[in-house]
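An overview of the molecular structure
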Amino acid sequence: MRTSASLGVVAAFAAFACPSLAYAETPQESLVRQWLTSAALGLTTDIGTSSFDPATQTVTLSDVSIGSVDDNLFTVHFDELSVEDPRTAPGGAFAAHAIRGSNWRLEIHFDVGNWFPGLAELEAGASKELDKVTPPTTRQKPVNRAQESGGDKQEDSAASPPSEEPKVGAGQAQPSVVTYSISADTLLVERLVVPPAPNRLPLDRPLYETFFSFMDWSSSIRADWVEANEVSVESNGLNEEDFITTYSLVYLSGMHEHRVERSGFNSMEQKSKSETSPLKSVTIDSAYVVGTNTGALLEALDPSRYVGGVGDGKRRILYSQYGYNDITVSFDGATASIGNIEANNVFLRQTAQPVLKQLIEAFSDPKRIEADPFSFISSILPNYTQLMGVDFVQANKLQIKAGDNFDFAINRFDGNGIDGNGIGAFTLRDITAAAKETSTKVSLSLLTFQDIRFGSLAALLELGKSASEGKQPSGKVMYDAVVNGGTSLGFVELSALSVESPLGSVGLDSLALTSGDYFGTLPQRGDFTFTSLSLPVSLLLDETLVSELTAMGYETVDLSGGMTLTYDADKGDLRLEDLTLKADDMGVVSGDFHLGGLPLSLVEKPDEIEARMNDATLVSASITYGNDGIVEKAFEAQAKKLDQDGDKFRQNTAGALPLMLNALKDPELQARFEGPISDFIKDPKSITFTIAPEKPVPLADLEKVDTEKPNDLIRLLNVGVTANE
């Protein structure tokens, strides 16, 4: 009996010390363990305990950890991970009916000195936070499937971190280290298929090649549904910018062949961890993305997909649609909110050179950037601005409130055709603003901009380079900047503007500006028109004018008008045509103007610009005034001051005209002006002044004219006048 008991104790101790003697791992457990090890891509994988339930064909693992913060700068941990029906799929892929995890945690140790030593060298001591790409959500919030089945749920698996990099020199000030902690109560993945992990690239290959290789592989993972519940994201090391963000649900649906058909999140809230931060919180009710194409992302960003190192410039749709619903951003003393944002067909392009490769190579030699930052910007910026765009974006119910004192709102914003070359159109509708302290209200029904063309960035950068070097830009550089570097607006429209204040009310029915006949990005034609600009006389700046208009009985001024401006860049002709300004119950002014000798080529010789401007000529001009009652009212008001009859005062003024024109001391000129002006005063219908010199007059000649001898100027310009024609 003693011998049997002793053997039993020894056997029990041996089983405890060597579990393999007491328990043989099943093929299913071995398969799951092999899959985790392979999916970890060489990172350390630790598993506490393992079991297999034949009834449910489920492998359950406890205390699962992948990676190490100290060694790999990130780690993933599950308190428990269960894999239902694990098996090997065709092609050596790992497949499972479902995977459920509890208390999932991902910790990323973002150490600039370790991950990006070049960047750390460039700006030692400054931490750089990478942009976080947050997956969006659908308007109809999906039900948590893990709750339906009593199991768990998940979000996207974490991306593999960059491989080891040499650390920044010990003598330098070290950049701060930021830690991001991501956790979820439960994780669910349904119908998972994971292809075999890719072969590791040689250590001497660039970091981005490893990244894109991993991304290509991870994008080929298939899953019908992925969800994570009660997700939390927390940062440490950003000081006043540290935050905690929570989501009730994050999900993906239809992962296959480098696509995710639907993804999003529900009930997001982000709060600052610092009491002194001006940004207090951000909440988003839900967000969604439809038709994510990670293949497009790879084709646009992966340098290995650029044939011959040159991009093809083709559009690749990254998102078919994405949207955010009920966004609220709270600041200290102010709140901004948006009802919803929606974008369709967000796309990427292969640029002339791969942007990512440019950045990596630049930061590998940071001293070169410090020595010549302008060249760095000139090479990166043109590619970056051409990288992406969107076909259509819309936002509704935009509002900014600062307590009860200020309220600004835009009912709707639409934009289309937005990319690095320009914007097809963007429109703001139903804009309102109110300031309680000043008792001011502003409203605008419509503001739209169409056919916006961005100029050549290279032309502007070349101009800026000359300025940065303290040099006078060459004529070629200036010409290129003027012709190709400008931003043009094809059409601008504004309607129903209203401003109410204690000083009075101002209104504008409509305003429109159209440009065209482009020479490069320089428009050679512009048409401008506005209707019914109404404002109180009291708002006019000239006190004498206010007094006189008030005496005539005017309380408001209502203006409408328009004009056309044309320019011939080759010939140098500048024309102001069909200038019209009409004031209700006052009259209408119309005119035209023609300058010559201003070809665009004059900017090609900067040293001669001033001299050549003097060679510009005045070709012709005219101005016509059509009376609509103000002339009679002006004479009436003046006559009233003199205690005279208005009509008689007007006739007396016409009779005194010859005496007033004696100042010209030229009978021929006196006769030229006396008749038409006298006719207009007696019967004020219209009067026209014209400038029609026999030949174009150089502006330099006008400067030489003695201003005390107006006759010389009148004869030089051949000034004429007609009335009531």
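Look up a bit, the structure's there.
Summarised in this report is the structure supplied together with it. (Residues numbered from 1 in each chain as written. Predicted model: local features only at pLDDT ≥ 70, side-chain atom pairs only at ≥ 80, totals over all residues. Heavy atoms only, no water.)

Turning next to the overall build of the chain. Along its length, the chain carries 22 helices and 27 strands. Within the chain, buried positions represent 40% of all 725 residues. On the chain, roughly 38200 Å² of surface is accessible, and the fraction owed to carbon and sulfur atoms is 55%. (Helix = DSSP H or I, 4+ residues; strand = E, 2+ residues; numbered from the N terminus. Buried < 20%, exposed > 50% of the residue type's maximum accessible area, 1.4 Å probe, protein only. Areas by Shrake-Rupley, 256 points an atom, 1.4 Å probe, with all protein chains shown as cover.)

This paragraph deals with the side chain of serine 274. Its location among the elements puts serine 274 in the loop between strand E10 (259–272) and strand E11 (279–293). Here serine 274 falls in the buried class, since its relative accessible area comes to 14%. For serine 274, the residues in contact, after removing those within four places along its chain, are Glu240 and Asp242. (Contact = heavy atoms within 4.5 Å.)

Moving on: the side chain of threonine 294. Within the secondary structure, threonine 294 sits in helix H9 (residues 294–301). A polar contact of 3.3 Å, which involves the side chain of threonine 294, links it to the side chain of serine 219. At a separation of 2.9 Å, a polar atom in the side chain of threonine 294 contacts the main-chain carbonyl oxygen of histidine 258. Dropping the residues within four chain positions of it, threonine 294 is found in contact with Ser219, His258 and Arg259. (Polar contact = N/O pair within 3.5 Å; in protein donor to acceptor, adjacent residues only side chain to side chain.)

What follows deals with the packing of helix H18 (residues 646–655) against helix H20 (residues 667–682). In contact at an axis separation of 9 Å, H18 and H20 are set at 175° when each is read in the N-to-C sense. Between H18 and H20, the interaxial angle falls into the category roughly antiparallel. Each of Arg650, Gln651, Thr653 and Ala654 in H18 lies in contact with H20, whose residues at this interface are Ser678, Ile681 and Lys682. Class assignment for the residues of the contact of H18 with H20 results in two nonpolar, three polar and two charged. (Axes fitted to C-alpha atoms, helices over the stretch in contact; angles between N-to-C directions. Parallel < 35°, antiparallel > 145°, perpendicular 65-115°, else oblique. Nonpolar A, V, L, I, M, F, W, Y, C, P; charged D, E, K, R; others polar.)

With that settled, the discussion passes to helix H17 (residues 630–641). The end-to-end C-alpha separation of H17 is 17 Å, in line with the 16 Å expected for twelve residues at 1.5 Å each. Buried residues in H17 make contact with helix H15 (543–551), strand E24 (617–627), H18 and H20. (Expected span 1.5 Å × (residues − 1).)

A separate point is the nonpolar core. Counting residues in each nonpolar core, the largest one holds 55 residues, and the members touching the most others are Val32, Trp35, Leu36, Ile99, Leu192 and Phe265. It is strand E7 (residues 177–194) that provides the largest number of residues to this core, a total of eight residues. (Core = buried A, V, L, I, M, F, W, Y, C linked by side-chain atoms within 4.5 Å.)

It is worth spelling out the pattern of salt bridges at this point. Per the stated rule, a full pass over the model turns up 26 salt bridges. The residue glutamate 668 makes a salt bridge to arginine 715 at a minimum N-O spacing of 3.6 Å. A residue pair is termed long-range when its members are at least 10 positions apart, and glutamate 668 in helix H20 and arginine 715 in helix H22 (residues 710–717) qualify at 47 residues. According to the relative accessible area criterion, arginine 715 is partly exposed, its value standing at 45%. Here lysine 685 and aspartate 683 are joined by a salt bridge, their closest N and O atoms 2.3 Å apart. The class of lysine 685 is partly exposed, set by a relative accessible area of 46%. It is possible to trace a salt-bridge network through shared partners that takes in Asp666, Glu668, Arg672 and Arg715. (Salt bridge = Lys/Arg side-chain N within 4 Å of Asp/Glu carboxyl O.)

Two elements, strand E13 (residues 334–349) and strand E14 (residues 388–402), share twelve bridges in a ladder whose sense is antiparallel. Paired with alanine 336 across the bridge in E14 is isoleucine 400. Two strands pair when backbone bridges link them, and E14 and strand E15 (residues 406–419) are joined in this way by eleven bridges, in the antiparallel orientation. Paired with phenylalanine 392 across the strands is asparagine 416, a residue of E15. Between E14 and the antiparallel strand that follows it, E15, lie three residues; glycine 403 among them carries a positive phi value of about 60°. (Pairing = 2+ DSSP bridges.)

Turning to the environment of glycine 655, a few remarks are in order. Structurally, the position occupied by glycine 655 is in helix H18. Residue class for glycine 655 comes out exposed when judged on its relative accessible area of 56%. For the pair glycine 655 and serine 678, spaced 23 residues apart in sequence, the C-alpha separation works out to 7.5 Å.

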